[in-house]
Amino acid sequence: MTRRSYLALVLLAGLAFAGGPARGDGVTADLSSHLIAITSGFTGASVVLFGATEGGGDIITVVRGPERDVTVWRKGKVAGIWVNAESVTFANVPSFYTLAASRPIEEIVAPGPAALYRIGTDNLKLQPKSLATPEEAARFGKALVAEQKRDGLFASDPGKIAFLGGRLFRATVSFPANVPTGTYIVEVFLLRDRDVVSGQTTPLVVSKVGLDATVSDFATRQAAAYGAIAVVTAMVAGWLASLPFRGV
């Protein structure tokens, strides 16, 4: 454990007894940082989630990225050419989803509470926005989750929450280089007898900073001008690259 994580746990232990703004009913938790700054050369980041419980119990944490609409395509052959043949659009899909638990998920939470609190990718309740049969929705929804896992945006396996001394707990939440920007929600659930007895939510912001943020903001606000500049830049770069060969 790093010195920073240790000091954070000591501080939180004090909050657990004294009360504080991060206190929930039966569980208190916070993050080592509430901002992930994306700069040029960003290769991923991680934050430490730490907390304390009142009494016994297990802990599950869920991190959700900003929700968005996602379209899943299925390729098919048309006149011998592979093209996008079918699609289903799902509404309010989290752009990032990961979870961690103090023990195997199936041992500490029953199917009912897991479905209610959307614990696990099987309980995300993906709702088709476009017309689709239940069979199509299930098939395309499974493909969506598989694709997000391949991209590292959905967790393939739960992370581990470690207890220290019976009441203090900590976990490391990792974010890949392609993590989407926006406001994330970190949920902490306290469970007893396979049911959720307490919970707490904490925000986390993933944001571009510096020159990358300026360029991204300009591209969003002035899309036409950004496109024109990109085209001119590409043309100038191509012209400059051809200069050494003009006399050949």
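Remember, it's a predicted structure, so these values are computed and weren't measured experimentally. (Residues numbered from 1 in each chain as written. Predicted model: local features only at pLDDT ≥ 70, side-chain atom pairs only at ≥ 80, totals over all residues. Heavy atoms only, no water.)

1. Describing the sheet that holds strand β13 (residues 195–208)
Strand order in the open sheet formed by 6 strands is β2-β13-β12-β4-β7-β9, with mixed pairing between adjacent strands. Two strands close off the open sheet at either side, each with one partner strand: β2 (35–38) and β9 (159–160). (Pairing = 2+ DSSP bridges. Helix = DSSP H or I, 4+ residues; strand = E, 2+ residues; numbered from the N terminus.)

2. Side note on the side chain of serine 95
Its place among the elements puts serine 95 in the loop between β6 (81–94) and β7 (97–101). A polar atom in the side chain of serine 95 sits 2.8 Å from the backbone oxygen of proline 66. Ignoring any residue separated from it by four or fewer positions in sequence, one finds serine 95 in contact with Gly65, Pro66, Arg68, Gln148, Leu153 and Pro180. (Polar contact = N/O pair within 3.5 Å; in protein donor to acceptor, adjacent residues only side chain to side chain. Contact = heavy atoms within 4.5 Å.)

3. Quick word on the environment of glutamine 127
Looking at the element boundaries, glutamine 127 is found in strand β8 (residues 127–128). Along the backbone, glutamine 127 and asparagine 92 are 35 residues apart, and their C-alpha atoms lie at a distance of 7.8 Å. Those residues in contact with glutamine 127, other than ones at most four positions away along the chain, are Thr89, Phe90 and Ala91.

4. Looking at the packing of aromatic side chains
We describe a pair of aromatic rings using the distance from one ring centre to the other and the angle between the two ring planes. Going through the model one piece at a time under the given rule, you end up with 6 aromatic pairs. Aromatic side chains phenylalanine 96 and tyrosine 184 sit 5.8 Å apart centroid to centroid with 55 degrees between the ring planes, which places their arrangement in the tilted category. Taken together, the positions of phenylalanine 96 in the loop between β6 and β7 and tyrosine 184 in strand β12 (residues 182–192) put the pair 88 residues apart, joining distant regions of the chain. Ring geometry for tyrosine 97 and phenylalanine 154: centres 6.2 Å apart, planes at 65 degrees, overall edge-to-face. Taken together, the positions of tyrosine 97 in strand β7 and phenylalanine 154 in the loop between α4 (134–150) and β9 put the pair 57 residues apart, joining distant regions of the chain. The pair formed by tyrosine 97 and phenylalanine 154 is uniform in burial state, with each residue classed as buried. Among the aromatic residues, those joined into a cluster by ring pairs are Phe96, Phe175 and Tyr184. (Phe/Tyr/Trp six-rings, centres within 6.5 Å; stacked < 30°, edge-to-face > 60°. Buried < 20%, exposed > 50% of the residue type's maximum accessible area, 1.4 Å probe, protein only.)

5. Description of the side chain of threonine 121
Within the element layout of this structure, threonine 121 appears in the loop between α3 (111–116) and β8. Since its relative accessible area comes to 15%, threonine 121 is described here as buried. Dropping the residues within four chain positions of it, threonine 121 is found in contact with Tyr97, Val145, Lys149 and Phe154.

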